[in-house]
Amino acid sequence: MAAISREEVAHLARLSRLAVTEEELDTFAGQLDVILQSVAQVGEVAAADIPPTSHSVPLTNVLREDVVTPCLTPEEALSGAPDVDQQRFRVPRILDEDVAS
Amino acid sequence: MTTTLPAYDEVVARYEPVIGLETHVELGTNTKMFCGCPTDFGGEPNTRVCPVCLGLPGSLPVANKAAIEATIRIGLALNCSIAEWCRFARKNYFYPDMPKDFQISQYDEPLCFDGYLDVEVGGELVRIGIERVHLEEDTGKTLHVGGATGRIHGATESLVDYNRAGIPLVEIVTKPVPGTGALAPEVARAYVTELRDVLRTLGVSDVRMEEGSLRCDVNTSLNLPGEEWGTRTETKNVNSLRSVERAVRSEMLRQASVLDAGGKITQETRHFHEDTGDTTPGRSKETATDYRYFPEPDLVPLAPDPAWVAELKAALPELPRLHRRRLQEQWGLSDLDMQSVLNAGAVELIEATVAAGATPAAARKWWLGELSRRANETGVELADVGATPEQVAELQGLVDAGKLNDKLARTVLEGVVAGEGSPTEVMTNRNLEVVSDTGALTAAVDEAIAANPDVADKIRSGKVAAAGALVGAVMKTTRGQADAKTVRELILERLGAQG
């Protein structure tokens, strides 16, 4: 059985705002499936005594003191922006989307 | 769409509301959550940004210790358990208010969980369960342009300022609160008020709703008695304590009218409108974003040392409800009297006035009397009425010293509120001090006696009650600046009558 369906690929493409053609859906579904199957092999050797790992280094509590450090100038900050207006990043309108919080 | 809404008491007679509140608090740290950019409000656009909060390639976030500490203290104040180990998570979404295209938040491992906050509503204690308290970063501010109204619909483009992006934001989520019936809107408001006071007491945020450092989303549902909880809606954009109450009430009325007509409630986000007091639909959950949370690989897990947490717990300040109870006892107030102090927003003001030397009774008299009246008239908060606790204490000191009588003190207070200076300065500049010079008073008394010979005769013959007319005459010539009791004694003495 395939590890990822054509519908799931279409869903991910939509979330990523990628315009994927019907043909490409077939191609990517096949390619992603190979990747997922390969990764799934790791799961087969993982025994109950090996906890899932999200971080490769055994560290906790890496924190910084609450001390102000220099910022970029607005010119520097905006230098890589495709478009600028009123010292702000100018982006195309976004409709039917919601802010995170 | 215009529909006639049912009456509120009919709605609560038929349906049972369940409410839930999600509150976001911007922490008052010096720097952002994951970088050293400053957090102060305002500032020119994109002047408080760096490679980390702009999400530039190769930059790495490091968590702010002060923000972690503040969040743990909030959790402890809300009677939460503190996670022994937890992680940050990436919340992925497509919107330009975060330059990284994701927000660092917490998902299934919040820093604090399973607590409660007791709030008082109409003399009754209501326990609000706290589901979780987690830490995330605030988003940037978008300005929609090209449309007529500055709102997103009709806009052709958005301009983004990332000064706010990355400011530590604490999200506090309640458990669902059933069983409050008709009081649901008041309970919602009381909870946010109490939470705000707790956060202020902890000193972790400036909790200004109008500046957005405290923001609130309100969940509301209705169900028939004995039946399962109804479908809930989430109302956003609720930006004042009063709006919290209005938003719950308005949503209860709207949902009841839908249910009464045999309709179904759609699970959706709605937006509250301050001007009309009602809500309109926002994003429907049908198109709800799939956030694809996963553990943030750029930040190592948090494992707060239990000894540190115990230290923070031991050092918590006295929380508002206990503080108020202690003050009530100290001031010797009944529940009802304390309630009127609370309603007037005068607790801290009276406390500070007492600290500045006034008696609790005198402090309460000024703040709840003259100053409350003035605040109501001018439509400002009591704290912004124009007099400070120190000035009120000074004013009362002048009364106690016999330099001002009650009427003069009120005139002096007017001057203080008008910005004419301290009570002593106003008294001196306006020449309002009580006339204590006996020579001047005696002259005024003699003048009054001479001008009213028939009254004087009555008093001489023993009708001392008639002295009132002469006292009035003396007060008139001294422009109210004499002590009435002293004047009366003086009149009786001059006429050889017995008081």
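Here we summarise the structure given alongside this text. (Residues numbered from 1 in each chain as written. Chains lettered and ligands numbered in written order. Predicted model: local features only at pLDDT ≥ 70, side-chain atom pairs only at ≥ 80, totals over all residues.)

## Things to note about the overall build of chain A
Right, so step 1: Across its full length, chain A carries 3 helices and 3 strands.
Right, so step 2: Radius of gyration (C-alpha) of chain A: 22 Å, far over the 13 Å computed for a compact globule of 101 residues. (Helix = DSSP H or I, 4+ residues; strand = E, 2+ residues; numbered from the N terminus. Rg over C-alpha atoms; globule rule 2.2 N^0.38 Å.)

## Remarks on the interface of chain B and chain A
Right, so step 1: Contact with chain B, which involves 55 residues of that partner, is made by 38 residues of chain A.
Right, so step 2: Examining the composition of the side of chain B that touches chain A, we find that 5 residues originate from one element, strand 9 (residues 157–161) of chain B, more than from any other.
Right, so step 3: Looking at the side of chain B that touches chain A residue by residue, the classes come out as 27 nonpolar, 16 polar and 12 charged.
Right, so step 4: Sheet topology note: the strand 3 (residues 88–92) of chain A/strand 9 of chain B ladder contains 4 bridges and is antiparallel. When the bridges of strand 9 of chain B are listed, Arg90 of chain A appears paired with Leu159 of chain B. (Contact = placed C-beta atoms within 7 Å. Nonpolar A, V, L, I, M, F, W, Y, C, P; charged D, E, K, R; others polar. Pairing = 2+ DSSP bridges.)

## Observations concerning the sheet that holds strand 5 (residues 102–105) of chain B
Residues and elements named next belong to chain B.
Right, so step 1: Strand order in the open sheet formed by 3 strands is 5-4-15, with antiparallel pairing between adjacent strands. The strands lining the two open edges of the sheet, one partner per strand, are strand 5 and strand 15 (294–295).
Right, so step 2: In the sheet, strand 4 (residues 89–92) pairs with strand 5 via 4 bridges, with the strands oriented antiparallel. Paired with Asn92 across the strands is Phe102, a residue of strand 5.

## Comments concerning the environment of Val412 of chain B
Residues and elements named next belong to chain B.
Right, so step 1: Relative to the assigned elements, Val412 resides in helix 11 (residues 406–417).
Right, so step 2: Taking C-alpha positions, Val412 is 10.0 Å from Asn431, a pair spaced 19 residues apart along the chain.
Right, so step 3: Discounting chain neighbours no more than four positions away, the residues touching Val412 are Leu395, Leu404, Pro423, Val426, Met427 and Leu432.

## A closer look at the sheet that holds strand 2 (residues 84–85) of chain A
Right, so step 1: If you trace the 4 strands from one edge of the open sheet to the other, you get 2(A)-3(A)-9(B)-8(B), paired in antiparallel fashion. Two strands lie at the open edges of the sheet, namely strand 2 of chain A together with strand 8 (141–145) of chain B, each paired on one side alone.
Right, so step 2: One ladder, built from 2 bridges, connects strand 2 of chain A with strand 3 of chain A; its direction is antiparallel. For Asp85 of chain A, the partnering residue across the bridge sits in strand 3 of chain A and is Arg88 of chain A.

## Notes on unusual backbone geometry
Residues and elements named next belong to chain B.
Right, so step 1: In this structure, Asp114 takes a positive phi of about 60 degrees despite not being glycine.
Right, so step 2: Secondary-structure assignment places Asp114 in strand 6 (residues 112–121).
Right, so step 3: A positive phi is found at Asn431, a non-glycine position, where the angle reads about 55 degrees.
Right, so step 4: Mapped onto the elements, Asn431 comes out in the loop between helix 12 (423–429) and helix 13 (438–451).

## Some words on the pairing of strand 10 (residues 168–174) of chain B
All names here are of chain B.
Right, so step 1: Of all 7 residues in strand 10, 6 are buried, a share of seventy percent or more.
Right, so step 2: As paired strands, strand 1 (residues 16–26) and strand 10 are joined by 5 bridges and run antiparallel to one another. Pairing of His24 across the sheet is with Glu171, part of strand 10.
Right, so step 3: Where strand 7 (residues 124–137) and strand 10 come together, 7 bridges link them in antiparallel fashion. Across the sheet, Leu135 pairs through a bridge with Val170, a residue of strand 10. (Buried ≥ 20, exposed ≤ 12 C-beta atoms within 10 Å, placed from the backbone.)

## So, the environment of Cys50 of chain B
Right, so step 1: On the secondary structure map, Cys50 of chain B appears in the loop between strand 1 and strand 2 (63–64).
Right, so step 2: Since 20 C-beta atoms lie within 10 Å of it, Cys50 of chain B is described here as buried.
Right, so step 3: Taking the C-alpha atoms as reference points, Cys50 of chain B and Thr276 of chain B, separated by 226 residues in sequence, lie 41 Å from one another.
Right, so step 4: Among all residues touching Cys50 of chain B, those that are not within four sequence positions of it are Cys71 and Leu72 of chain A together with Cys35 and Cys37 of chain B.

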